[in-house]
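# Close look at the chain arrangement
Below are the chains, spelled out letter by letter.
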Amino acid sequence: MKTDNTWKSFLFWTFIVIVFSVTLTIQAMWFWQRDVFLQNSHIRPLLVKFCYTFLCTLPPTRDLSSFQMKNYVFHVNEKTSLQLEAIFINKASFPQAYPDLQVTFIDINDHTIIKKRFTPVEYLQAAPDKMRAGASVHVKLDFMDMEKVIEDNKVAEGYRFKFL
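Fair warning: this is a prediction, and the values are worked out from it, not measured in the lab.

Moving on to the overall build of the chain. Scanning the chain for helices and strands turns up 4 helices and 10 strands. Counted from the first residue to the last, the chain has its helices and strands arranged as α-α-α-β-β-β-β-β-α-β-β-β-β-β. Referenced to the eigenvectors of the C-alpha coordinate spread, the extents of the chain come out at roughly 95 × 35 × 20 Å. Entry remark: accessible area of the chain is about 11800 Å², with carbon and sulfur atoms responsible for 58%.

Here the chain averages 83 in pLDDT, while 90% of its residues score no lower than 70. Looking across the chain, the model is least confident in strand β9 (residues 154–155), with a mean pLDDT of 60, and most confident in helix α3 (residues 44–54), with 89.

Here we take up the sheet that holds strand β1 (residues 67–76). In spatial order, the strands read β1-β2-β7; together these 3 strands make up an open sheet with antiparallel pairing. In this open sheet, the two strands that pair with only one neighbour each are β1 and β7 (136–143). On average, each strand axis in the sheet is tilted by 20° relative to the strand beside it, whichever way the strands run. Pairing geometry for strand β2 (residues 82–90) and β7, over 8 bridges, is antiparallel.

All right, on to the nonpolar core then. Among the nonpolar cores identified, the biggest contains 21 residues, and Phe 88, Tyr 123 and Phe 143 are the most heavily contacted of them. When contributions to this core are tallied by element, the ones reaching two or more residues are β1, β2, β4 (101–106), β5 (112–118) and β7. With residues up to four places along the chain from it excluded, the contact list for Phe 88 reads Phe 67, Gln 68, Met 69, Lys 70, Pro 99, Tyr 123, Met 131, Ala 135, Ser 136, Val 137, Val 139 and Phe 163.

This brings us to unusual backbone geometry. Glycine aside, residues mostly have negative phi angles, and peptide bonds mostly take the trans form. The phi torsion at Leu 55 lies on the positive side, around 55°, for a residue other than glycine. Within the element layout of this structure, Leu 55 appears in the loop between α3 and β1. In this structure, Asp 110 takes a positive phi of about 65° despite not being glycine. Position of Asp 110 among the secondary structure elements: in the loop between β4 and β5.

Next up on the list: the pattern of salt bridges. Enumeration over the complete set of coordinates arrives at 2 salt bridges. Between Asp 100 and Arg 117 there is a salt bridge, with its nearest N and O atoms 2.9 Å apart. A residue pair is termed long-range when its members are at least 10 positions apart, and Asp 100 in the loop between β3 (96–97) and β4 and Arg 117 in strand β5 qualify at 17 residues. Between Asp 110 and Arg 160 there is a salt bridge whose closest N-O contact spans 2.3 Å. In this pair, Asp 110 sits in the loop between β4 and β5 while Arg 160 sits in strand β10 (residues 158–163), placing the two residues 50 residues apart along the sequence. Its relative accessible area of 38% is what places Arg 160 among the partly exposed residues.

A contiguous nonpolar patch, built from Trp 7, Phe 10 and Leu 11 and spanning about 370 Å² of accessible area, is present on the exposed surface. Mapped onto the elements of the fold, Leu 11 is located in helix α1 (residues 2–32).

This part covers the state of the cysteines. A full pass over the atoms with the stated rule returns 1 disulfide. Between the sulfur atoms of Cys 51 and its disulfide mate Cys 56 the distance is 2.1 Å. Where Cys 51 bonds to Cys 56 through sulfur, the torsion about that S-S bond is close to -100°, and the disulfide is left-handed. Among the residues examined, Cys 56 registers a relative accessible area of 33% and is labelled partly exposed.

Rules used in this analysis
- Residues numbered from 1 in each chain as written.
- Predicted model: local features only at pLDDT ≥ 70, side-chain atom pairs only at ≥ 80, totals over all residues.
- Heavy atoms only, no water.
- Helix = DSSP H or I, 4+ residues; strand = E, 2+ residues; numbered from the N terminus.
- Areas by Shrake-Rupley, 256 points an atom, 1.4 Å probe, with all protein chains shown as cover.
- pLDDT = per-residue confidence, 0-100.
- Pairing = 2+ DSSP bridges.
- Axes fitted to C-alpha atoms, helices over the stretch in contact; angles between N-to-C directions.
- Core = buried A, V, L, I, M, F, W, Y, C linked by side-chain atoms within 4.5 Å.
- Buried < 20%, exposed > 50% of the residue type's maximum accessible area, 1.4 Å probe, protein only.
- Contact = heavy atoms within 4.5 Å.
- Salt bridge = Lys/Arg side-chain N within 4 Å of Asp/Glu carboxyl O.
- Patch = residues over 30% accessible without salt bridge, like charges linked within 9 Å, V, L, I, M, F, W, Y side chains within 5 Å.
- Disulfide = S-S within 2.5 Å.

Okay, here's the thing in structure tokens:
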């Protein structure tokens, strides 16, 4: 009788240790890798079911690294204004919210001269919904008072695009 009780106790405590270990692992992943955890295509459906059952909400799926800038051209309109025409693509396998677009003009030493940020409402001229997977968007952005970055009808040194 004592042996049977020992095995039951051992199995019980083994089960408790496994449950707490799994719980601790999930909590650690949630704390340090939340975005990876939320956007994993195998885990996300389980989280949706969990939140449906327990009446919680998940943040929208987002992967800024999947946006890619293509075919961009700067046009000098006057001595102080620029216009950027560009196309960017959502390379993700899921629809996601339109990102903010930041354009940074830099000098030869890689120091920021001017930084401009555009919201989706500014570059789409409408209230956006979501960008479909694989969709592309053509944008025209106007930059005023740009005499610091225009030299001989060209953009002086360099520029960077960043999706936020």
